[in-house]
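So you can see what is in the structure, the chains are spelled out below.
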Protein chains: 2
Amino acid sequence: MGIIVQKFGGTSVGTAEKILNVADRIIQEKDNGNDIVVVVSAMGKSTDQLVALAEQITAKPCKREMDMLLTTGEQVTISLLSMALKEKGYDAISFTGWQAGIKTEAAHGNARIMKINPDKIKRELTNGKVVVVAGFQGVSNDHQITTLGRGGSDTTAVALAAALHADKCDIYTDVTGVFTTDPRYVKTARKLDAISYDEMLELANLGAGVLHPRAVEFAKNYNVPLEVRSSIENERGTIIEEDTKMEQSLVVRGIAFEDQVTRVSVLGLPNELTTLSTIFSTLANHSLNVDIIIQSTTSDNKTSISFSVKTRDLEDTITILEQHKSVLNYERIESESGLSKVSIVGSGMVSNPGVAAEMFEVLAKQGVEVKMVSTSEIKVSTVISGEHMVNAVDILHSAFELSKDTTRV
Amino acid sequence: MGIIVQKFGGTSVGTAEKILNVADRIIQEKDNGNDIVVVVSAMGKSTDQLVALAEQITAKPCKREMDMLLTTGEQVTISLLSMALKEKGYDAISFTGWQAGIKTEAAHGNARIMKINPDKIKRELTNGKVVVVAGFQGVSNDHQITTLGRGGSDTTAVALAAALHADKCDIYTDVTGVFTTDPRYVKTARKLDAISYDEMLELANLGAGVLHPRAVEFAKNYNVPLEVRSSIENERGTIIEEDTKMEQSLVVRGIAFEDQVTRVSVLGLPNELTTLSTIFSTLANHSLNVDIIIQSTTSDNKTSISFSVKTRDLEDTITILEQHKSVLNYERIESESGLSKVSIVGSGMVSNPGVAAEMFEVLAKQGVEVKMVSTSEIKVSTVISGEHMVNAVDILHSAFELSKDTTRV
């Protein structure tokens, strides 16, 4: 018994029928004696439809008015879900972001939550009601409707869980949990019982559809235990918490990967202190995200910088670099597309210095050339040829024994 | 130069293209140097779609949650219209009901406006912005989202015009104004240049799609000049104001009519003081609206009561009367369907006692039997056979010279 925050994404509430099913999931936990706060997203593709409407009006919609437009999506869902709960005999009340006391900074389209006043929610919980809150939205100090940006409903759920000192925050989604790697590519991929916040953050690109990194960071900061679980299957999901007692013996917890990676090399740069910052602030100013960065200095006191970008950003990246050639003062640019990035993630790596070496060895044995490397305390990323990606993930998954369930020894 | 409140209904904002057209209409008035506040309804059939969604969830949706659901409709329109104005180079800002300071009583589905705090709107007008407000909605003192019921957006517009001391309130619609009678039935029907609030109220069933009676009452109480005009045609509409200086010579201003009327007679009632109130409070308690009422006392100290109802309410009316037979203590019930109601309306009648007589004479000459009569200071209503309705309207329209434009003598 305690307070549970449940979050259901757009797919889970895509139709009236699905909303009625979601009501059943809520009732299960309510019947267990818990106080329930539910956070929901807009129904299915309704946000896309609203965006399409705006596009018929203007190519450059004002962010304030986009927030006004898009927040209607969640407002529709909260009212319908409350009706569904009442229809099934459970008292419920819906709150928009501003009604729920979710105060954000005065930024439109991507506001951060500044403060939550949970008094109203607490009062309704005391009245025995299920409280249904619109995700993704809040209100600024001057009463403007704001949105939290991508993954906003996850963030709303975690923030409410923190403000209410909830016992846990359940993120219901269309997968059954977080896997060691993508089960669509690797048959032996296994659902993890538990994972730490940091590992979850590093596996973000595996979990992109599952849980937004910003919500994970929020959960880590406020120590909110999360569970990623299926809104369809009635089974245990993956718990994300600070101290993962389970699976301690596992050095590597998961393998993340992505294709459509391109390496860009800027050759013959002057070896100056400001070279790196000039290049990457120029790219950042044009919203171009750079991933792995490698710098190498050559004998003639020149320096070369290589970095990886998403292939779709290649053209823009080169255009920007060429526009700034006189400032950057490089000799030439080279690029290689058709690459992929494969990363092993696990907090056990910190105390296991040989893990990176083992990864390289496994890849080398299979004749996979590693073109770039980047490491963090709990991750080793490699850039390899795109054609080797799936095979590399597969052999790494076996080599690090990820398909073994070590928690049930 | 001054403040103009403009209201556009759901049909006028039914598509992105129509919203862009509405923006042009707004810009015309703005370019004339006026400060503009716009009130809009939900796009086209979007409210119906939301209601259909709710019906998939429950047969008896909770009113609070219906308000939560339906208010999203206007919120979508205000954001899109603001984007359209900005796209055309005019600064604009949208406000929901609660942002616009529209306070209502704490009743869901049919709340009355209690107070408007127009400070925020005034501030944005001073900044040179067009202010776009969601119609039909408000907020109660305890921060619940409420709706104003049918015709709510008209009421929002008139209430804002009153609170802002606007110079006028323009109701844009899909007709070009208020007509002497329905032009679909009477070819010589003529658009009125002006009409008084009271006349407009009596003509309500002609203007049902045009202007809600509640908004007219509100305008009368606060003396807000209204103009009903076309959102498509760029022509003058009909002005509704207290003192109609124009067309003074016209005794009858318009002819209203409706079919599907049924007369119900309750015969052989005890002739007691409470008989009338008992019958009609019983019907009112079951939300059955009664129109014309006639009482006649017979020689045996019994009384009979006849009243007209909409034909679709006949079955319910008889059921209720039969359920209460022991209390009402009547002998029997008779009913006659297939009737219609034809009314002549005009504030000039007050000083012209012969108008009703003239109406009866005109009808009698055409062999039209008058089955029930009801009069007010500015209206005479008759119930006649349904088959005579269109013909009766036509001859009355001629007899009272309604097709003549008396203002341009």
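- As recorded by an unreviewed UniProt entry, chain A carries the name Aspartokinase and is attributed to Metabacillus rhizolycopersici.
- Regarding chain A, the UniProt comment filed under Sequence similarities (unreviewed entry) reads as follows: "Belongs to the aspartokinase family."

### Things to note about the relation of the copies chain A and chain B
Step number 1: For the pair chain A and chain B, the superposition axis carries a translation of 0.0 Å, the fit reaches an RMSD of 0.1 Å, and the rotation angle comes to 180 degrees. As the rotation angle and translation indicate, the two copies are arranged about a two-fold axis. Minimal C-alpha separation from the rotation axis in chain A is found for T72(A), amounting to 2.6 Å.
Step number 2: Comparing interface residues between copies, 100% of those in chain A also sit at the interface in chain B, which points to an isologous, same-surface contact.

### Brief notes about the sheet that holds strand 11 (residues 226–230) of chain A
Residue and element names in this part refer to chain A.
Step number 1: One open sheet holds the eight strands; their spatial order is 3-6-2-1-9-11-12-10, and the pairing between them is mixed. The sheet is open, and its two edges are formed by strand 3 (92–95) and strand 10 (194–196), each paired on a single side. Pairs of neighbouring strands in the sheet enclose a mean axial angle of 20 degrees, with direction left out of account.
Step number 2: Of the strand pairs in this sheet, strand 2 (residues 35–40) and strand 6 (residues 130–134) are connected by four bridges, and their pairing is parallel. The residue bridging V37 from the neighbouring strand is V131, located in strand 6.

### Brief notes about the interface of chain A and chain B
Step number 1: Facing 43 residues of chain A, the contacting portion of chain B comprises 43 residues.
Step number 2: Buried surface at the junction of chain A and chain B, summed over both partners, amounts to about 3300 Å²; 69% is from carbon and sulfur atoms.
Step number 3: Together, I57(A), M83(A) and W98(A) form the three largest contributors to the area buried by chain A at its contact with chain B, with a combined 21%.
Step number 4: Between the two partners, chain A and chain B, sit zero salt bridges.

The rules behind each value
Residues numbered from 1 in each chain as written. Chains lettered and ligands numbered in written order. Predicted model: local features only at pLDDT ≥ 70, side-chain atom pairs only at ≥ 80, totals over all residues. Heavy atoms only, no water. UniProt positions renumbered as here; feature names shortened; annotations may be inferred. Least-squares fit on C-alpha atoms with pLDDT ≥ 70 in both. Contact = heavy atoms within 4.5 Å. Pairing = 2+ DSSP bridges. Helix = DSSP H or I, 4+ residues; strand = E, 2+ residues; numbered from the N terminus. Axes fitted to C-alpha atoms, helices over the stretch in contact; angles between N-to-C directions. Buried area = accessible area lost by both parts, 1.4 Å probe. Salt bridge = Lys/Arg side-chain N within 4 Å of Asp/Glu carboxyl O.

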